[in-house]
Amino acid sequence: MALAISLPATAQTPAVGCTSPADMAPAQLYGLWQLVLWPQTSGSEAAPASTGALLFERHPEYPGSVRGSLKRSTPGNDRQALVSGDVTSGEFNLDESADGVNMDAVWEGNATASGCGQELRGIRRPAEGRPAGEPVMNFVLKKAPGWR
């Protein structure tokens, strides 16, 4: 008689064939990512304050980094910005600038082990010196289907 044992799956165990978050290369960021943002103090991923997309490409000046464009909804209008950053040992860092000169926000997060290099989670906060009116937001980025 066979005995079946059910072990709980952990969110930190990568799927078979997946790259470990610590081994994620900047080139794995290239492509289109779907974005969901919600306030850190209220709200949820299921009821976002903002949605949009990020398109990452190779940074022309800094090998091992990415540059791209952000388009997302905000109350009353849509927002566009330039972004640049990198991923090192599974840690994701990004700078956001609406005008390409002044930094508006910083993004800090991690590749999720269960996301198989296709999901990043973290926080987006206003850059130092920016008006205090914008809240710190949680984010999730998921690679759009077809971009691997």
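Further up the page is the structure itself.
As the structure is a computational prediction, the values presented were derived from the model and not from experiment. (Residues numbered from 1 in each chain as written. Predicted model: local features only at pLDDT ≥ 70, side-chain atom pairs only at ≥ 80, totals over all residues. Heavy atoms only, no water.)

Q: Explain the overall build of the protein to me, and be specific about the residues and the numbers.
A: Each helix and strand counted, the protein has zero helices and eight strands in total. Relative to all contacts within the protein whose residues are 6 or more apart in sequence, the contacts with residues 24 or more apart total 42%. About 8700 Å² of surface is accessible on the protein, with carbon and sulfur atoms providing 54% of the total. (Helix = DSSP H or I, 4+ residues; strand = E, 2+ residues; numbered from the N terminus. Contact = heavy atoms within 4.5 Å. Areas by Shrake-Rupley, 256 points an atom, 1.4 Å probe, with all protein chains shown as cover.)

Q: An account of the pattern of salt bridges is needed here, citing residue identities and associated values.
A: Across all of its chains, the model carries ten salt bridges by this definition. Two residues, R121 and E45, come together in a salt bridge whose shortest N-O distance is 3.0 Å. Here E45 lies in the loop between strand 1 (31–39) and strand 2 (50–58) and R121 lies in strand 7 (residues 119–126), a separation of 76 residues in the sequence. For R121, a relative accessible area of 30% translates into the label partly exposed. Judged by relative accessible area, which is 28%, E45 ranks as partly exposed. Where R124 meets E96, a salt bridge forms, and the shortest distance between an N and an O atom there is 2.9 Å. Taken together, the positions of R124 in strand 7 and E96 in strand 5 (residues 91–97) put the pair 28 residues apart, joining distant regions of the chain. Judged on exposure class, the residue R124 and its partner E96 are both buried. Taken together, the salt bridges that share partners define one network made up of R72, R79, E96, R124 and E134. (Salt bridge = Lys/Arg side-chain N within 4 Å of Asp/Glu carboxyl O. Buried < 20%, exposed > 50% of the residue type's maximum accessible area, 1.4 Å probe, protein only.)

Q: Quick one: what's the story with unusual backbone geometry, residue by residue and with numbers?
A: A positive phi angle is found at S89, which is not glycine, with a value near 50 degrees. Checked against the element boundaries, S89 lands in the loop between strand 4 (77–88) and strand 5. Overall, S89 belongs to the exposed group, its relative accessible area being 58%.

Q: Give a detailed account of the sheet that holds strand 3 (residues 66–74), specifying residues and quantitative values.
A: Read once around its circumference, the closed barrel built from eight strands follows the order 1-2-3-4-5-6-7-8, with strand pairing classed as antiparallel. Averaged over all pairs of adjacent strands, the angle between strand axes in this sheet comes to 30 degrees, irrespective of strand direction. Examined bridge by bridge, strand 3 and strand 4 share nine bridges and lie antiparallel to one another. If you follow T74 over to strand 4, its bridge partner there is N77. (Pairing = 2+ DSSP bridges. Axes fitted to C-alpha atoms, helices over the stretch in contact; angles between N-to-C directions.)

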